[in-house]
Amino acid sequence: MPNQLKLGLPKGSLEDPTISLFDRAGWKIRKHIRNYFPDIDDPEITARLCRVQEIPHYIQDGILDLALTGKDWIEEMGIDMKSENSPVIHIADLVYSKVSNRPARWVLAVAGDSPYQKPEDLKGKRISTELKGVTQKYFERLGIPVQINYSWGATEAKVVEGLADAIVEVTETETTIKAHNLRVIDEVFVTNTVLIANRAAYENPVKRKKIEQINLLLQGALKAESLVGIKMNAPAAKLDAILALLPALNSPTVASLKDCEWLSLETVVDKNLVRDLIPKLREKGAEGILEYALNKVI
């Protein structure tokens, strides 16, 4: 199909969260056990699963038009997306993950019982990491000479096995770090998922329109995760007191009811506020309070 958008989806820990995000945004993606080309219910898009580390290369070379990858792998590849000549364009930050919707961190960690307390203590020592380029720049910036070895996996175990004096590894909760009796002594790089596009594809009017549609709806789905809708009936005489309790994106919707002494109110609020808000609304006279989930907020 002419102008079909080539979409890259990250394989691995972000695979299921990404497919779930697209589902909430309005696209159904169905994976196949034996290949890397999932079905997507949009004839204008063809999708493929790729290792997150390789996606920046595929976008740069035009093998993919649009993809989700980590900011860490953009940095590792040395791509400057701010440059007007860069073949890779930054479309948006999309902060989501398997564990929590917050940025992940690449941290410098050592054995819990080691004498190393700060990066300077690792002068001349062995560092194991998958993010070798970024780690090299980090130690060069600090002026600390170290030996950096590429890790092909199970990085946390390298210190335990005596293969490294320290590691640089990605974490959100530090659960795996602590499970290996490691201790974080510094933060090397903060990362999150980014939506990136090939410049040539973005300059194609048809593909650009599709990219903008995808970005709009993905952002809307992410925004909706932290919000809920609430609807209620309120005594007209107590409207001002109830409205004073209601935060809103703009302002609550207020509608008349058949009984002129009552009004219908509807708004969107942070889901973390609801458990404290609903009892207060009841105290002010609100009735028939409904809380409902949101799919997208644009």
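The protein goes by ATP phosphoribosyltransferase in an unreviewed UniProt entry, where it is assigned to Taurinivorans muris. Database annotation for the protein, UniProt heading Subcellular location (unreviewed entry): "Cytoplasm". Per UniProt, the protein has the following entry under Function (unreviewed entry): "Catalyzes the condensation of ATP and 5-phosphoribose 1-diphosphate to form N'-(5'-phosphoribosyl)-ATP (PR-ATP). Has a crucial role in the pathway because the rate of histidine biosynthesis seems to be controlled primarily by regulation of HisG enzymatic activity."

**Q** Looking at this structure, how should I read the pairing of strand E15 (residues 262-270)?
**A** Remark: a regular strand shows side chains that alternate across the two faces of the sheet. Bridge count for strand E13 (residues 227-235) against E15 is nine bridges, and the pairing is antiparallel. Paired with Leu227 across the bridge in E15 is Asp270. Bridging between strand E14 (residues 253-256) and E15 involves four bridges; their strand directions are antiparallel. Within E15, the residue paired with Ser256 across the bridge is Leu263. Turn length for the E14-E15 hairpin, with the two strands adjacent in sequence and antiparallel, is five residues.

**Q** Help me understand helix H8 (residues 205-224), please; the structure alone is not making it clear to me.
**A** Here H8 spans 29 Å end to end across 20 residues, near enough to the 28 Å set by a 1.5 Å rise per residue. Regarding H8, the residues found buried are Lys207, Lys210, Ile211, Ile214, Asn215, Leu217, Leu218, Gly220, Ala221, Leu222 and Ala224. The backbone nitrogen of Val206 lies 2.9 Å from a side-chain oxygen of the residue at the head of H8, namely Asn204.

**Q** Help me understand helix H10 (residues 274-283), please; the structure alone is not making it clear to me.
**A** An α-helical segment advances 3.6 residues per turn. Residues three or four places apart therefore align on the same side. For H10, every residue scored as buried is listed here: Val274, Leu277 and Leu281. All buried residues of H10 lie within an arc of 60° about the axis, which places them on one face of the element. Residues Arg275, Arg282 and Glu283 are exposed on H10 and point more than 90 degrees away from its buried face. Buried residues along H10 sit against E13, helix H9 (239-243), E15 and strand E16 (287-293). The positive-phi residue at the C-terminal boundary of H10 is Gly285, with phi of around 110°.

**Q** Before we go on, may I ask you to explain the sheet that holds strand E11 (residues 182-191) in this structure?
**A** One key point about sheets: their strands pair by backbone hydrogen bonds, in either a parallel or an antiparallel sense. As summarised here, the arrangement of the five strands in space is E9-E8-E10-E7-E11, forming an open sheet in which the pairing is mixed. Edge strands, defined here as strands with exactly one partner in the open sheet, are strand E9 (147-150) and E11. Pairs of neighbouring strands in the sheet enclose a mean axial angle of 25°, with direction left out of account. Where strand E8 (residues 126-129) lies against E9, four bridges are found, and the strand directions are parallel. Within the sheet, the bridge partner assigned to Ile127 lies in E9 and is Ile148.

Cut-offs and rules
- Residues numbered from 1 in each chain as written.
- Predicted model: local features only at pLDDT ≥ 70, side-chain atom pairs only at ≥ 80, totals over all residues.
- Heavy atoms only, no water.
- UniProt positions renumbered as here; feature names shortened; annotations may be inferred.
- Pairing = 2+ DSSP bridges.
- Helix = DSSP H or I, 4+ residues; strand = E, 2+ residues; numbered from the N terminus.
- Expected span 1.5 Å × (residues − 1).
- Buried < 20%, exposed > 50% of the residue type's maximum accessible area, 1.4 Å probe, protein only.
- Polar contact = N/O pair within 3.5 Å; in protein donor to acceptor, adjacent residues only side chain to side chain.
- Arc of directions from axis to C-beta.
- Contact = heavy atoms within 4.5 Å.
- Axes fitted to C-alpha atoms, helices over the stretch in contact; angles between N-to-C directions.

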